[in-house]
Structure formats: C-alpha cells, structure tokens
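Inside the fold
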Amino acid sequence: MDYVALKNGVQMPLLGFGVLQMKDSEECERCVGEALCLGYRMFDTAAFYGNEKAVGAALKKAIAEGLVRREDLFVITKLWLKDAGEETAGTAFEQSLWRLGLDYVDLYLIHQPYNDYYGAWRAMEKLYQEGKVRALGVSNFSPERLTDLCMNSRIPPMVNQVELHPFYHQDEALRVMRELGVQPQAWAPLCEGLKQIFSNRVLSQIGKKYGKSAAQTALRWNMDRQVSVVTRSSIPGHMEEDFDVWDFQLSEADRKAIDQLDLGYSEILDYSNPAIAKMFNQKRRCGDAL
C-alpha cells in the first residue's frame, strides 16, 4: 500500500474500498470483510449510505480476530446535508461513530456542498480539536467553493473527494486543490462502469503492456498523479483485481494517451447544473434513493 501525507501529517492510503449502494447489511459486511482479507485498509462510507453499522461490524470482527489493528485502518464517513449546521453536525457525527462502533474516525467529510456547510464546518473543527477525527475534508466541492471555505476557516479542509476518472480529469480543480494543500480523492475512478471503460481500446492497449486490465490502468492513472482512489465492487475477483495495482507505473507517453480521453464534463453528476442542487436538497433524509 502506498500513502499520501495530508497537510496535518496524517498518512492516507492511495487506494480504498467504498460501499455506496450496498444497502443489504449482510452483503456489505461480507464485502468489507473480504476487502480486509485482500489487503484494503481504507474504507469509505457515509451516513447517507445507510450501511455504517455493517461496515463497523466487519471492522470489529477483523480486529477481534487479529487480522488488523485499529491503527492500521483508515475509516471515512460523511455528514449528510440535512445535518449540515453548527447545531446538528456534532450530533450526526456521534450517531455515525456509534453506528461504526469506533472511538474515532480517520476522515470526516461534508458530503455535499449544500445547506449550512459553514456552520457544519465549525462543528467539525471542534470534533477535530477534541481528537474525535484525525482529518477533516469535503466532498463534491467545486474550486471556488473549496477556495472560499479554505479562506474562511480556522482549520482548512485536508481532502476533497470528487469525481475523477479518465473521462473526467478535472485538471483545473486538481490545480486549485494542490495550490490550497488539499488532497484530491476520487469517487467513481472507474466511471461507475459507464463509457465502456472496461473495454476501452486505449486503456486496454496500455494495460496489455503491463499485463494489466483497463480497470487497473485507469486506477493507476489516477494514483500516478497522486490522487487517492475509492473503488467499489461486490465481486471478490474484481476486488482483488482492483487491489493489484502496486507493481507498475504508467510511462509519460501512456499518461498523455489517456489524457486524450478527457471529455471535460461529467456524465454522472454535473455539480455545475442547478438541477443537481435541487435534487439533493429534495432528498435530505438519509436513505432516500437518488
């Protein structure tokens, strides 16, 4: 496992396992357990996902069996927008912590850039100072919103989790993050299987040179530019494949070839579209399907 250092010195893995859309508790617990056995140590969940209990149960079992120590894990969860406020964020965090069965969380993120996220951030700063979280960050923040929050907070965000994959590079967003000292983390690093990414000719041809798949090539591309990635699968073979990305790096020519795949826009969630803000604000209750 390779790591990146956040601005406060905390080491975050470059590769993690996510549980978005894993609504079935037994399946979620099984997948996290299998991911642990394969070597994953970073796990990404959220209050909105409705599976923090399952993630916590799998982690607790692995610790009890001696498979892993708590200090070896990097656990991420997120504050949903209905609880975005100075008076509500602390309570929401304590509920997440209880569901996870943990004493602390490694990274706590504001899930969406809506509602009173400034009030929420002040509450999160307090959690950080109390040692209940090792690092703070945001998710889906555009460059201008991220810049404004960084310039108007006592403890600026350390991570921004956004959509990043070969078809949506977000180079300008990455430039701003690095200028601000914010570590980028990719959700949907495999474009949620869209755009025929697993059979893409460019990714497949490049991967063949290294004995790797198109998916592994896409993950390595992000990691080579020091972007932490969160991948997701319920199929053990795919989980193992996604983890087998540590024995190669792409050449400059390969990276330039992948650069040509960038569409310059998202086909998953376009946060510049006001309809997206409206959709999320209409689904404030945790567990509402998107």
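All figures in this text were calculated on a predicted structure; none of them were measured in a lab.

What the rule picks out here adds up to 21 salt bridges. The closest approach of N and O atoms between glutamate 71 and arginine 69, which form a salt bridge, is 3.5 Å. Residue classification places glutamate 71 among the exposed residues on the basis of a relative accessible area of 54%. With a relative accessible area of 48%, arginine 69 lands in the partly exposed category. For aspartate 244, the salt bridge is made with lysine 212, and the minimal N-O distance between the two is 3.3 Å.

Applying the stated criterion across every chain, the model contains 13 aromatic pairs. Here phenylalanine 93 and tyrosine 108 contribute two aromatic rings whose centre-to-centre distance is 4.9 Å and whose plane-to-plane angle is 70 degrees, an arrangement assigned as edge-to-face. Highlighted residues: phenylalanine 93 in helix α3 (residues 89–100) and tyrosine 108 in strand β6 (residues 107–110), separated in sequence by 15 residues. Residue phenylalanine 93 shares its accessibility class with tyrosine 108, and that shared class is buried. Joined through ring pairs, the aromatic side chains of Phe17, Tyr40, Phe43, Phe243 and Trp246 make up one cluster. It is lysine 23 that lies over the ring of phenylalanine 48; its NZ or CZ is 5.8 Å from the centre. A cation sits over an aromatic face here: arginine 70 above tyrosine 104, 4.0 Å from the ring centre.

Let us now look at the environment of serine 25. Its place among the elements puts serine 25 in helix α1 (residues 25–38). Along the primary structure serine 25 and leucine 67 are separated by 42 residues, whereas in three dimensions their C-alpha atoms are 21 Å apart.

A few words now on the pairing of strand β7 (residues 136–139). Taken residue by residue, a regular strand's side chains alternate between the two faces of the sheet. The alternating pattern of β7 places Leu136 and Val138 and Gly137 and Ser139 on opposite faces, both of which are buried. The sheet contact formed by β6 and β7 spans 3 bridges and is parallel. Looking at β7, one finds that leucine 109 is bridged to glycine 137. Taking the sense of rotation as the criterion, the β-α-β connection linking β6, helix α4 (residues 117–129) and β7 turns out right-handed. Here β7 pairs with strand β8 (residues 159–163) via 3 bridges, running parallel. Bridging from a neighbouring strand, valine 138 pairs with asparagine 160 of β8.

Turning our attention to the layout of surface pockets. Regions of empty space are outlined by a rolling probe, equal in size to a water molecule, passed over the atoms. Taken as a whole, the largest pocket spans an internal volume of roughly 810 Å³. Lining of the largest pocket is provided by 37 residues; of these, Leu20, Gln21, Ala188, Glu192 and Arg232 occupy positions nearest its centre. Every element with two or more residues in the lining of the largest pocket is listed here: β10 (228–231), α9 (236–243) and α11 (274–282). Sorting elements by how many residues they give to the lining of the largest pocket places α9 first, with 3 residues. Taken as a whole, the second largest pocket encloses approximately 350 Å³ of empty space.

Time to look at the side chain of asparagine 200. Mapped onto the elements of the fold, asparagine 200 is located in the loop between β9 (183–187) and α7 (201–210). Given the relative accessible area of 13%, asparagine 200 is considered buried. At a separation of 3.0 Å, a polar atom in the side chain of asparagine 200 contacts the main-chain amide nitrogen of valine 202. A distance of 3.0 Å separates a polar side-chain atom of asparagine 200 from the backbone nitrogen of leucine 203.

Cut-offs and rules
- Residues numbered from 1 in each chain as written.
- Predicted model: local features only at pLDDT ≥ 70, side-chain atom pairs only at ≥ 80, totals over all residues.
- Heavy atoms only, no water.
- Salt bridge = Lys/Arg side-chain N within 4 Å of Asp/Glu carboxyl O.
- Buried < 20%, exposed > 50% of the residue type's maximum accessible area, 1.4 Å probe, protein only.
- Phe/Tyr/Trp six-rings, centres within 6.5 Å; stacked < 30°, edge-to-face > 60°.
- Helix = DSSP H or I, 4+ residues; strand = E, 2+ residues; numbered from the N terminus.
- Lys NZ or Arg CZ within 6 Å of the ring centre and 35° of its normal.
- Pairing = 2+ DSSP bridges.
- Right-handed = clockwise from strand over helix to strand, strands pointing away.
- 1 Å grid on protein atoms, 1.4 Å probe; cavity = no way out; pocket = protein on both sides within 12 Å on 5 of 7 lines; lining within 4 Å.
- Points joined across faces, edges and corners; volume = space filled by probe spheres on them.
- Polar contact = N/O pair within 3.5 Å; in protein donor to acceptor, adjacent residues only side chain to side chain.

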